[in-house]
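So you can see what is in the structure, the chains are spelled out below.
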Amino acid sequence: SNSTTSKCHLLGMDCYCKEESMADLCKFLEVQCNDRELAMQVRCSRPEQWPSLLAKLQWEDFEDGENLPKAKPKAEGEEDQGTGTRYGPGISKLDHFSAEQNMECMIAAHEYYEVQRVDPPGSQASWNARDQHMATTLL
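Residues numbered from 1 in each chain as written. Predicted model: local features only at pLDDT ≥ 70, side-chain atom pairs only at ≥ 80, totals over all residues. Heavy atoms only, no water.

A. Broad picture of the overall build of the protein. Within the protein, the regular secondary structure consists of 5 helices and 2 strands. Counting helices and strands in the order they occur from the N terminus, the protein gives α-α-α-β-β-α-α. Taking all 139 residues of the protein together, the buried fraction comes to 31%. Considering only residue pairs separated by 6 or more positions, the protein has 61% of its internal contacts joining residues 24 or more positions apart. As displayed, the protein has an accessible area near 9,300 Å², and 50% of this comes from carbon and sulfur atoms. (Helix = DSSP H or I, 4+ residues; strand = E, 2+ residues; numbered from the N terminus. Buried < 20%, exposed > 50% of the residue type's maximum accessible area, 1.4 Å probe, protein only. Contact = heavy atoms within 4.5 Å. Areas by Shrake-Rupley, 256 points an atom, 1.4 Å probe, with all protein chains shown as cover.)

So, in structure tokens, the structure goes:
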């Protein structure tokens, strides 16, 4: 019998890790996707540009093959963990999801720190922004 087990992952991220999220995202783009150009766009971009970069990660149409990054070849004997995202056959769906979440974290962290900077002392707005981000990552 061909028995398969499904794994359930519950992932949530706090929005304090803006720099770590950027580093992980750029590493994913450069090392796993071989997309140095997009990694450089992320590094050089302003926070106002991050939502459009997130959309590029999530929705860009790669059907023409022009923008399709070349996936890093898997090592001999390496197990396939649900591969086949728009980034190519060697990129796991979980790694792709993690990259998107790192971009989401960068956006939320910027919003959180910006609210902290501009709101008066005692305001709950920064906590609300942080809580909203954490709940969103769980959805």
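B. Structural context of the environment of Arg36. Within the secondary structure, Arg36 sits in helix H2 (residues 36-44). When the C-alpha atoms of Arg36 and Cys26 are compared, they prove to be 8.2 Å apart, with 10 residues separating the residues in sequence.

C. Expanded view of the pattern of salt bridges. Applying the stated criterion across every chain, the model contains 3 salt bridges. The salt bridge involving Glu30 is made with Arg43; its shortest N-O contact spans 2.7 Å. Pair noted here: Glu30 is in helix H1 (residues 18-32) and Arg43 is in helix H2, with a separation of 13 residues, a long-range link. Note that Glu114 and Arg117 form a salt bridge whose closest N and O atoms lie 2.4 Å from each other. Of this pair, Glu114 and Arg117 both sit in helix H4 (residues 93-118), 3 residues apart, which is roughly one turn of the helix. With a relative accessible area of 59%, Arg117 lands in the exposed category. (Salt bridge = Lys/Arg side-chain N within 4 Å of Asp/Glu carboxyl O.)

D. Geometry of the packing of H1 against H4. For the pair H1 and H4, the least separation of the axes is 8 Å and the interaxial angle reads 145 degrees. As H1 packs across H4, the resulting crossing turns out to be left-handed. Residues Lys18, Ser21, Met22, Asp24, Leu25, Phe28 and Gln32 of H1 pack against Asp95, His96, Ala99, Asn102, Met103, Cys105, Met106, Ala109 and His110 of H4. (Axes fitted to C-alpha atoms, helices over the stretch in contact; angles between N-to-C directions. Left-handed = near helix turned anticlockwise from the far one by under 90°.)

E. Expanded view of the side chain of Asp35. Summarising the element assignment, Asp35 is placed in the loop between H1 and H2. Buried within the structure, Asp35 lacks any salt-bridge partner; its nearest side chain of opposite charge belongs to Lys56, at an N-O separation of 7.1 Å. Here the side chain of Asp35 touches Leu38 through a polar contact of 3.0 Å, landing on its backbone nitrogen. (Lys, Arg positive; Asp, Glu negative; His and termini not counted. Polar contact = N/O pair within 3.5 Å; in protein donor to acceptor, adjacent residues only side chain to side chain.)

F. Broad picture of H2. Burial in H2 covers these residues: Leu38, Ala39 and Val42. All buried residues of H2 lie within an arc of 105 degrees about the axis, which places them on one face of the element. Set apart from the buried face of H2 by more than 90 degrees, the exposed residues are Arg36, Glu37 and Cys44. (Arc of directions from axis to C-beta.)

G. Seen up close, the nonpolar core. Judged by nonpolar contacts, the single largest core of 18 residues is most densely connected at Leu25, Leu29, Val42, Trp50, Met103 and Met106. Listing elements by their share of this core, those giving two or more residues are H1, H2, helix H3 (50-59) and H4. Considering each element in turn, this core owes the most residues, 5 residues, to H1. Sequence-distant contacts of Leu25, defined by excluding residues within four places in its chain, comprise Val42, Leu57, Ala99, Asn102, Met103 and Met106. (Core = buried A, V, L, I, M, F, W, Y, C linked by side-chain atoms within 4.5 Å.)

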